Amino acid sequence: AGCVLLAANAMADEWAIVRTISGRATYNDNINMRASETSGATNVSVSPALTLTNRSENRDMSVSLSVSKNAYMERPELNTLDHLGSLNLKWATDIDQRSLTVSTARDSTFTSELATTGVVLARRQRTLTSVAGAWQYSLSDRISLTSGLNFASVGYDPAPGLVDYKDYSASGGARYAVSERF
């Protein structure tokens, strides 16, 4: 009499949900960032966020959403409700890797333009929507092909000097690794 054991592939998924909330109070003594008009304002911000992730041996997925209520005590016309949302997907097999990222953000140019360029043309709400996809295919241990597509759309609340725009890009290439270690 004998015993035969069969081994099956064991697949496991890891799930996580992370909830956070943050609060902040700041005072800015020149809220308009102008030498001629130096008025201050106190900002109180409350930001709840939620992230859901799922991981397995060949897939990563995350979905996140955060909302931020910004209240200016002395300048209620500057109050905003911002959001940030994203979906990130990655799949991998033995020979290829694919990824997709979809995101949306609603924020103030005071935050986004100042961080990007250091110049704020006008303080307005901005909406950014983007989609990016990528693919890498391995022909061998050293040679692979890559491609990517990106789209972004930016819209501003009406203001002089701010222009809505869309950006499209595509990329492709080949990669050769001199050594299998890299």
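The model shown is predicted, which means the values in this text are computed figures rather than measured ones. (Residues numbered from 1 in each chain as written. Predicted model: local features only at pLDDT ≥ 70, side-chain atom pairs only at ≥ 80, totals over all residues. Heavy atoms only, no water.)

Helix and strand counts for the chain come out as 1 helix and 8 strands. In sequence order, the chain lays out its α and β elements as β-β-β-β-β-α-β-β-β. Taken over the C-alpha trace, the chain has a radius of gyration of 23 Å; the compact-globule value for 182 residues is 16 Å, which it surpasses by more than 25%. Seen through its C-alpha atoms, the chain measures out along the principal axes to roughly 90 × 45 × 25 Å. Considering only residue pairs separated by 6 or more positions, the chain has 48% of its internal contacts joining residues 24 or more positions apart. A total of about 12600 Å² of accessible surface is found on the chain, and carbon and sulfur atoms cover 58% of it. (Helix = DSSP H or I, 4+ residues; strand = E, 2+ residues; numbered from the N terminus. Rg over C-alpha atoms; globule rule 2.2 N^0.38 Å. Contact = heavy atoms within 4.5 Å. Areas by Shrake-Rupley, 256 points an atom, 1.4 Å probe, with all protein chains shown as cover.)

Both strand S3 (residues 59-72) and strand S4 (residues 80-92) contribute to a ladder of 12 bridges, which runs antiparallel. Across the sheet, the residue bridging to Met61 is Leu89, located in S4. Relative to strand S5 (residues 96-108), S4 runs antiparallel, the two sharing 10 bridges. Within S5, the position partnered with Trp91 by the bridge is Arg98. In sequence, S4 turns back onto S5 through a hairpin of 3 residues. (Pairing = 2+ DSSP bridges.)

The next subject is the sheet that holds strand S1 (residues 14-28). Think of a sheet as strands paired side by side through backbone hydrogen bonds, with each pair either parallel or antiparallel. Reading across the sheet, the 8 strands line up as S1-S2-S3-S4-S5-S6-S7-S8 and stay open at both edges, with antiparallel pairing between neighbours. Sheet topology places S1 and strand S8 (165-176) at the edges, where each strand pairs with a single neighbour. If you compare each strand with its neighbour and ignore which way they point, the axes differ by 10° on average. The pairing of strand S2 (residues 41-55) with S3 spans 11 bridges and is classified as antiparallel. If you follow Thr51 over to S3, its bridge partner there is Ser64. Sitting on the sheet, helix H1 (residues 109-116) touches S1, S5, strand S6 (125-138) and strand S7 (143-156), and the angle it makes with S5 is about 125°. (Axes fitted to C-alpha atoms, helices over the stretch in contact; angles between N-to-C directions.)

What follows deals with the environment of Thr26. Checked against the element boundaries, Thr26 lands in strand S1. Classification of Thr26 by relative accessible area gives partly exposed; the value is 35%. Separated by 144 residues in the primary sequence, Thr26 and Ala170 have C-alpha atoms spaced 41 Å apart. Apart from the residues within four sequence positions on either side, Thr26 is in contact with Ala41, Thr42 and Asn43. (Buried < 20%, exposed > 50% of the residue type's maximum accessible area, 1.4 Å probe, protein only.)

In total, this model carries 2 aromatic pairs according to the counting rule given. On the basis of an interplanar angle of 40° and a centroid distance of 5.7 Å, the ring pair of Trp135 and Tyr137 is categorised as tilted. Using a relative accessible area of 26% as the deciding quantity, one classes Tyr137 as partly exposed. Ring geometry for Phe151 against Tyr168: centres 5.1 Å apart, planes inclined by 45°, an arrangement best described as tilted. Of this pair, Phe151 sits in strand S7 while Tyr168 is found in strand S8, placing the two residues 17 residues apart along the sequence. What makes Phe151 partly exposed here is its relative accessible area of 26%. (Phe/Tyr/Trp six-rings, centres within 6.5 Å; stacked < 30°, edge-to-face > 60°.)

Bringing the nonpolar core into the picture now. Residues Ala122, Val154, Tyr156, Ala159 and Leu162 constitute the largest nonpolar core, which totals 5 residues. Apart from residues lying up to four places away in sequence, Tyr156 is in contact with Thr109, Glu113, Gln125, Arg126, Leu162, Val163, Asp164 and Tyr165. (Core = buried A, V, L, I, M, F, W, Y, C linked by side-chain atoms within 4.5 Å.)

A few words now on the layout of surface pockets. In this structure, the largest pocket encloses a volume near 830 Å³. In this structure, the largest pocket is lined by 42 residues; those nearest its centre are Tyr72, Ser108, Phe110, Thr111 and Arg123. Looking at the lining of the largest pocket, the elements with two or more residues in it are S1, S2, S3, S4, S5 and H1. Broken down by element, the lining of the largest pocket gets its largest block of residues, 6 residues, from S1. Within the lining of the largest pocket, the residues separate by chemical class into 15 nonpolar, 18 polar and 9 charged. Roughly 150 Å³ of volume is contained in the second largest pocket. (1 Å grid on protein atoms, 1.4 Å probe; cavity = no way out; pocket = protein on both sides within 12 Å on 5 of 7 lines; lining within 4 Å. Points joined across faces, edges and corners; volume = space filled by probe spheres on them. Nonpolar A, V, L, I, M, F, W, Y, C, P; charged D, E, K, R; others polar.)

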